[in-house]
Structure formats: structure tokens, C-alpha cells
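Overview (structure and organization)
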Amino acid sequence: MGFDLQKKDFDKDFVWGVSSAAYQVEGAHDIHDKGPSIWDSFVESKKNVFNGHDGKIACDFFYRYEEDILLMKQMNIDNFRFSLSWTRILPQGYGKISQEGVDYYNKVIDFCLECDITPWITLYHWDLPQALEEKGGWTNRDIIGWFEEYVKLCAKRFGDRVKHWMILNEPMVFTGAGYFLGVHAPGKKGLKNFIPAVHHASLCQALGGRTIRSLIPDAMVGTTFSCSQITPYSKKSKDLLAAKKADALLNRLFIEPVLGLGYPMDELRILRRLDEYHRPDDEKNLLFDFDFIGIQNYTREVVRHSYTTPYLKAKIVKATKRNVRTTLMDWEVHPPSIYEMISKFNQYTAIKKLIITENGAAFKDVVSNKEVHDPLRKSYLQSYLDQVYKAKKDGLKVDGYFVWTFTDNFEWAEGYFPRFGLVYVDFETQQRIVKSSGKWYSRFLNNGVSL
Ligand code: BGC
């Protein structure tokens, strides 16, 4: 069946956009008095990232923001989600402010508005100030005060013009990959780091929401979560149990405390260790009624019981071993996953609005005659969007959709190898080429009419 949806098939106020993140696109890593973030440090060790890649230049968005935002405008994209680099604004994480950093974001915001593009700001997309990491980073409870100072500053400097805010990007990924597995910055491992990082990130997510709301009363404030459909490997009770645990860890850990449901400790006993970090008012301080929740879905995971996996006794059965279609990230292409996640988050009736703040795919791109034909990415996006539409038709709450991502960029530990963009970037020349998926998205946003 072909894809024949257009933007007009969705509600008029359904939000369409693209997402990005500071460290993945900006470059200019040490310009002016910008301080280093944990990603600036992490990439210094060549073994941490594919082929020793780093984000020192990335897409050079710091210098090319006008070009890129103009291109968005030409492509009919009217919502741009991007993150602020904490150390561009507060080089040491707190204290001295970098006026150049503040000026830079003012220029980006003003240029978006000039182009009629609504800026959606993520306050934290994984680039913690290195100076704070040296004091323990997310494992140190003092992060609550550091984060509050940063959020207040951003609200005061940008809140007159920016009305759409997201507090954290995927806390499960930055605590899991950064503080448990050690495969992302800051490269810490083990439960002793993960457990306090989880609790402090949860407290900051709610505190950030309260701070934005109190300083920008007309703001729409949200936060974002990674989520994947979890399918048990078999109907055996051990596999069903393993799937429940993985669901608690990957999908429920950060949303439930904010809604007053507490951490999912019943399914995941290791979370009882969180009690050690609880202080008297924390229960209440974990709560916040966000205006919207952002969910980010790419794939599903098949999970089975495993004696050898410590704590969890569950493991993911890799997509590459399941004979299914995959992306360059070795993630299964499974469009119903996004429907399942919309449906799952709809069960939390306290959620007011649900926005897909990321969805997209990495495939191998080839430039030929200055064009990039990427039918796989286009059909991935279309098949996932079909599911979003189906969810909407079935009466589920879903209020927006952002593609990850606008331009190819620095894909964390995978470096520049996987390309997720609607727009191809030649990282040697910084030339941009709108891929056929980008042309399709822009036609879709223009109800079928080409540029
Ligand atoms: C993150 C992005 C990342 C994308 C693809 C999400 O987990 O928010 O920063 O590039 O997925 O891996």
C-alpha cells in the first residue's frame, strides 16, 4: 500500500518539525569562553567513539545556523527543536556567565522567529559541563542547585521569545549509557553511579518544569523520554518476566515518578537501592504536571530471560540475529512500535499532550549527480507516520511529530557513520544536499505541492 497522507489529514494544530542537539551539530567547541562539556572530554579518548570522531566541528551549525534555518523554511518546516549547550552559557556550569554564549542563542532564536519558525528548546541534551562532572556530575546531589541556576538563567534570557521548552532529553539513555554502561560520556559504569544519577535526573526533570513555569507563565513545558515496544522472546513465563523488567527500565523509570506513581520498584528490585538517596521531600519534588510529554521512538526490542545478565536477568535479542529489516544502527524497522508507544503513554491519563519529539532512521546514503536518493529513509518515515495517523484515528492522544533529524550529524559513540538527516552533509566541505526523504517531507508539509 502506498503512502498517501498529507499534513492536512492531521488536525490543524498538530505540530510538525525537526529535532537536533547542540553537541551533535554546533561545532565551535572551544570558541570564546565556552567551557568543555563531558562530550568534549569523552571524545578525547579515541577509543570511545567510532574511528576517533569528535564533534569539534560537526555540522558547523554555530556558524551556519542562518543557512540551515533558511533551508528549513524553504522546506516548509515551521518548528525547530534544538538544545542549548550548558557550557556555552555557563562555562563552568554555574557562576560566571558567557555573554557571547547568550548572544549566540539570542541570534539563533531571533533568526528562527524572523523565519516564522517556532523554536523548541531542550535544556539538557547530554552535554553536562565537565567542571560539574569533576564534582561527580549526575551522581552528586548538588546537581539540583547547579541545574536550577542554569534553567533560571535560560528562562530569564530567552523566555520572552521562547515558549516551548523541554527539560531533559531521554534521561534513561544518558544515565544508562553514560553512568551504567560507560559507552557514552562521562563513561562511568555500575549501579553505584547509575542509581544516584537516576534519582537526581528525576528530581531535576521536575524542578526544571517548575522553574520554567514560574518564570515563563505562558510557556508550554515538557520533557522527553526514549521508549521502545518490548516484545517477549517467547510465551515462557521467564521471558514474560524478563520483558516486564526491561519495560520497567526502558519505558517506565522516568515517567512514573513524575506522575506520582513512584519508581517501578516492584518489577525491578534493584531500584530499591534508590531509597538510599531519598530525602524527606523528594516524593513531592519528583512531581510535575508537564504541559506535554515528548516520546522518542525508533524501534522495538525483543527481550528474553538471561541467567548471566547481572541484576536484570534479562537481555535484548539483537535485531541482527532475528532476520528482520534493520537500520545502520542495527535497530529493527518496526513501524507498529510507535503506535504501541503512543498507546502505552495514553494509558497515563494525566498526560495532557503527547508529542513525538523524535523519530527517524540511519541508512547508507550515496551522493550521485549531487543528489541523494534515500528511499529506505523515506519509506521508514512514511510507515511510522502511517502508524501515528492510525493512532490518531483510533482516538489516541498524539499532538505532534518531529523528525530526527534535520542534517546528518555527530551520532555520539557511532561518530559520523550513521546518517539520520533529511539533509545530507558533506563533512569535508560542509555542503548540504536535501535528500529525497527531505524533499518528500517538505512536500508532505505543503500538502503534496512541491517546492
Ligand atoms: C537521541 C539523539 C540521537 C538519536 C539517534 C536519540 O536517542 O536523542 O541524540 O542522535 O536518538 O540515535
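My aim in this report is to walk through the structure given alongside it, one point at a time. (Residues numbered from 1 in each chain as written. Predicted model: local features only at pLDDT ≥ 70, side-chain atom pairs only at ≥ 80, totals over all residues. Heavy atoms only, no water.)

Concerning the overall build of the chain
We apply this condition: Labels follow the DSSP assignment, with helices taken as runs of H or I lasting at least four residues and strands as runs of E lasting at least two, numbered in each case from the N terminus. Here the globule rule is a power law, 2.2 Å times the number of residues to the power 0.38, and the radius of gyration is based on C-alpha atoms. Burial status follows relative accessibility: with a 1.4 Å probe on protein chains alone, a residue under 20% of its type maximum counts as buried, one over 50% as exposed, and anything between as partly exposed. We call two residues in contact whenever any of their non-hydrogen atoms come within 4.5 Å of each other. Residue burial considers only the protein chains on display, and all accessible areas are found by Shrake-Rupley using a 1.4 Å probe. In summary, the charge assignment counts Lys and Arg as positive and Asp and Glu as negative, without counting His or the chain termini. To locate a charge, the coordinates of NZ of Lys, CZ of Arg, CG of Asp or CD of Glu are taken.
In terms of helices and strands, the chain carries 15 helices and 15 strands. Rg of the C-alpha trace for the chain: 21 Å, near the compact-globule value of 22 Å for 451 residues, within the 12% margin. A principal-axis box enclosing the C-alpha atoms of the chain has dimensions of 55 × 55 × 45 Å. The buried share of the chain, taken over its 451 residues, is 62%. For the chain, contacts bridging at least 24 residues in sequence account for 76% of all contacts bridging at least 6. Just so you have it, the chain exposes about 18,100 Å², and 51% of that area is on carbon and sulfur atoms. Here the chain contributes 60 positive and 57 negative side-chain charges, whose respective centroids are spaced 6 Å apart.

Focus: the sheet that holds strand β8 (residues 300-305)
Counted only if it meets this: For two strands to be treated as a pair, DSSP must find no fewer than two bridges joining them. Axis definition: a line fitted to C-alpha atoms, over the contacting stretch in the case of helices. Angles run 0 to 180 degrees between N-to-C directions.
Strand order across the open sheet formed by three strands is β6-β8-β9, with mixed pairing between neighbours. Edge positions in the open sheet fall to β6 (229-232) and β9 (314-317), since each of these has one partner strand only. Strand-to-strand twist in this sheet, taken as the mean axis angle between neighbours without regard to direction, amounts to 40°. In this structure, β6 lies alongside β8, joined through four bridges in parallel fashion. Residue pairing across strands places T231 opposite V302, the latter belonging to β8. Contacts from helix α10 (residues 237-252) reach β6, β8 and β9, with the element oriented near 135° to β8.

A few points about the side chain of N409
With respect to the secondary-structure elements, N409 resides in the loop between β13 (400-404) and β14 (423-426). Filtering out sequence-adjacent residues up to four positions away, N409 remains in contact with Q24, V25, C59, W404, G415, Y416, P418 and F427.

Some points on the environment of E371
Summarising the element assignment, E371 is placed in strand β12 (residues 371-372). Relative accessible area serves as the criterion here: at 33%, E371 is assigned to the partly exposed category. Between the alpha carbons of E371 and K315 there is a distance of 41 Å; along the sequence they are 56 residues apart. Residues within four places of E371 in sequence aside, it is in contact with V366, I433 and K439.

Quick look at helix α14 (residues 375-393)
Let me state the cut-off plainly: Working rule for helices: expected span equals 1.5 Å times residues minus one.
Across its 19 residues, α14 extends 26 Å between first and last C-alpha, which sits within 8% of the 27 Å expected from 1.5 Å per residue. All buried positions along α14 are accounted for by R377, Y380, L381, Q382, Y384, L385, Q387, V388, A391 and K392. The elements touched by buried residues of α14 are β1 (15-19), α13 (336-346), β13 and α15 (436-445).

Description of the site of the ligand
Inclusion rule: Any residue with a heavy atom lying within 4 Å of a molecule or strand is counted as near it. For the purposes of these results, a polar contact is taken to be a pair of N or O atoms within 3.5 Å, where, inside protein, one atom must be able to donate a hydrogen and its partner to accept one; residues adjacent in sequence count only when each atom of the pair is a side-chain atom. Charged means Asp, Glu, Lys or Arg here, nonpolar means Ala, Val, Leu, Ile, Met, Phe, Trp, Tyr, Cys or Pro, and polar covers whatever is left, Gly included.
The immediate surroundings of the ligand are formed by 13 residues, with Q24, H125, E170, E358 and E411 found nearest. Take Q24: an N or O atom from its side chain is 2.7 Å from an oxygen atom of the ligand. A per-class count over the shell around the ligand returns six nonpolar, four polar and three charged.

Observations concerning the packing of helix α7 (residues 143-158) against helix α9 (residues 191-215)
Here is the rule: Every angle not falling under 35 degrees, over 145, or within 65 to 115 is termed oblique; those three ranges are roughly parallel, roughly antiparallel and roughly perpendicular. A crossing counts as left-handed when the near helix is turned anticlockwise from the far one by less than a right angle, and as right-handed when that turn is clockwise.
Running from N to C, α7 and α9 point in directions that differ by 30°, and their axes come no closer than 9 Å. Overall, the two elements α7 and α9 adopt an arrangement that is roughly parallel. Judged by the sense of rotation from one axis to the other, the crossing of α7 with α9 is right-handed. Taken together, the residues of α9 that come into contact with α7 (itself represented by I143, I144, F147, E148, V151, K152, A155 and K156) are H200, L203, C204, L207, G208, T211, I212 and L215. Looking at the contact of α7 with α9 residue by residue, the class counts come to ten nonpolar, three polar and three charged.

Focus on the sheet that holds strand β10 (residues 354-358)
The sheet built from eight strands closes into a barrel, its strands ordered β1-β2-β3-β4-β5-β7-β10-β13 with parallel pairing. Adjacent strand axes in the sheet meet at a mean angle of 25°, parallel and antiparallel pairs treated alike. Inspection of the sheet shows strand β7 (residues 292-296) paired to β10 by four bridges, in the parallel sense. Bridging across to β10, Q296 finds its partner in E358. Each of β2 (79-83) and β3 (118-124) touches helix α5 (residues 99-114); the most contacted strand, β2, lies at about 170° to it.

Thoughts on the side chain of T175
Structurally, T175 is set in helix α8 (residues 171-179). T175 gets classed as buried once you look at its relative accessible area, which sits at 0%. Reaching out from T175, the side chain makes a polar contact with the backbone oxygen of M172 at a distance of 3.4 Å. Ignoring sequence-local partners within four residues, the contact set of T175 consists of F180, F194, A197, V198, A201 and F254.

Things to note about α5
Its 16 residues give α5 an end-to-end C-alpha distance of 22 Å, which sits within 8% of 22 Å, the value for a rise of 1.5 Å per residue. The complete set of buried residues in α5 reads G101, V102, Y104, Y105, N106, V108, I109, F111 and C112. In this fold, the buried residues of α5 make contact with α1 (22-25), α3 (61-74), β2, α4 (86-89), β3 and α7. Just past α5, the residue D116 takes up positive phi, approximately 65°.

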